[in-house]
Amino acid sequence: MTAPRSVLVVGESLAGTTAARHLRTLGHTGPLTIIGAEELGAYSRPPLSKAVLKDPAADDTLGLALDGLDADVIRSPAVAADTRHRTVTTGDGRQVGYDALIIATGAGARRLAAPGQRGELVLRTLDDARRLRARLADAGSAIVVGAGFLGMEVASACAARGIPVTVVDADRPLERILGDHLSAEITARAAAYGIRFIQATGFATLTGDPVSGVALPDGTELTADLVVTCAGEVPSVGWLAGTNLADRLGVGIDHACATTVPGVFAAGDVTYLRGDGTRPDRRAPFWSNAVAQGRTAAASALGLAAPGPAQDDYFWTEVAGLTVKIVGRLPLLGEPTTVQGSVADGRALLTWTRADGTSTVVAYGLRKPVAALRALAATPLPPSP
Ligand SMILES: Cc1cc2nc3c(=O)[nH]c(=O)nc-3n(C[C@H](O)[C@H](O)[C@H](O)COP(=O)(O)OP(=O)(O)OC[C@H]3O[C@@H](n4cnc5c(N)ncnc54)[C@H](O)[C@@H]3O)c2cc1C
């Protein structure tokens, strides 16, 4: 493959800016255009559910600068793509051509409100976080719908402010990704931290207009000053309609971040790694994965070898005052081997080793450099009990 003359990156956030920076690092000197949809430009999202909810000063620490990249930045969303003629159309009517395209449009928050129902709060953007922070300032009670990592972080922020908070979900806190063993510990820890959990028998629906509560399938109705939906994310692929590039899971990619369309690559939360018969399709909407794929997509767009695997399995979260770092595949099933400390004491190093020899390592409330966790995850260990 000859190196492309012009590269277009759509999506100005972590995956997009990483790809753009890496294109230049790898020696791409031709035209580089970035299409973004947010007026604020690129910023980091993990602090939105942590420091930003606590302290307005954190707003100024989030920027992902594009300085010195010599890129043409267009801040108007892509609304259509024509992969035959290699153009992307923006909301303000521009048509941008490319030789290579990198799709990095991430995901939006999954919403639960009925059509026309107003006032649903979600947390995906800095504007969302500012709105939520303002509401936290005078809320006397809160409900969080969804007990995944985001829901538990929002609930932790409420509890840390002394706001009585109830989390509702059909699965226990973090159970879908961290499995039974850690979920049981985290549920108990969250309760002690002031987070009430209600396990619903199915989907909760939002009630009130504007939203003021939830109804559970068993007829239970709850109301609160603040109701926040943390029900996962939806890949931002509407602008790719008609291209065959995207489906329900997002944009399917291979290990080189290549899509099924020549000259088109993708990275970050918008993607899923296509299964190959031995493993299923897999989304990994996490920070380090967006970085790894941004780099890989840049290299592949230039016709160079990928710098590493197309999925990076490091993830961290902060729940009920505790930091949990995870390296390796999720979800976690069964019992771990305890390498150090004890989960009950809130400080432990744990490994889950599968029959195929791969391991997932968790630092639960324990300060450990990510490099040490990666090294442990790469060490052959006997299978977990
Ligand atoms: C509140 C919050 C907390 C998080 N905490 C953690 C954490 O603790 N640990 C962790 O590992 N991960 C965390 N994550 C996940 C992590 O932030 C994401 O994996 C990462 O942001 C993905 O980057 P991305 O560039 O692929 O997508 P995004 O960050 O979603 O960015 C996509 C960008 O594309 C833009 N876009 C969308 N459509 C278009 C269009 N049509 N045209 C142009 N631009 C478009 C969007 O506006 C956005 O700016 C968190 C996410 C959130 C929301």
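What comes next is a walk through the structure.

Analysis parameters
Residues numbered from 1 in each chain as written. Predicted model: local features only at pLDDT ≥ 70, side-chain atom pairs only at ≥ 80, totals over all residues. Heavy atoms only, no water. Near = heavy atom within 4 Å. Polar contact = N/O pair within 3.5 Å; in protein donor to acceptor, adjacent residues only side chain to side chain. Areas by Shrake-Rupley, 256 points an atom, 1.4 Å probe, with all protein chains shown as cover. Buried < 20%, exposed > 50% of the residue type's maximum accessible area, 1.4 Å probe, protein only. Helix = DSSP H or I, 4+ residues; strand = E, 2+ residues; numbered from the N terminus. Pairing = 2+ DSSP bridges.

The next subject is the site of the ligand. As a structural note, the neighbourhood of the ligand is formed by 36 residues, with Glu38, Arg45, Lys50, Arg124 and Asp269 the closest of them. Arg124 places a polar side-chain atom, nitrogen or oxygen, 2.8 Å from an oxygen atom of the ligand. In the environment of the ligand, an oxygen atom lies 2.8 Å from a nitrogen or oxygen atom belonging to the side chain of Asp269. Compared with its free state, where it exposes 1,000 Å², the ligand has 94% of that area covered by protein.

To continue, consider the pairing of strand S22 (residues 322-327). In terms of burial, S22 is largely enclosed, as five of its six residues are buried. Joining the antiparallel neighbours strand S21 (residues 314-319) and S22 is a turn of two residues, in which Ala320 adopts a positive phi near 50 degrees. Bridge count between S22 and strand S25 (residues 359-364): four bridges; the pairing is antiparallel. Of the residues in S25, the one forming a bridge with Val327 is Val361.

Of note, the amide linkage connecting Asp209 to Pro210 takes the cis form, showing an omega dihedral of 5 degrees. With respect to the element layout, Pro210 can be found in the loop between strand S12 (205-207) and strand S13 (213-215). The phi dihedral of Leu174 is positive, around 60 degrees, even though this residue is not glycine. Note that Leu174 resides in the loop between strand S10 (165-169) and helix H5 (175-193). Judged by relative accessible area, Leu174 falls into the buried class, the value being 2%.

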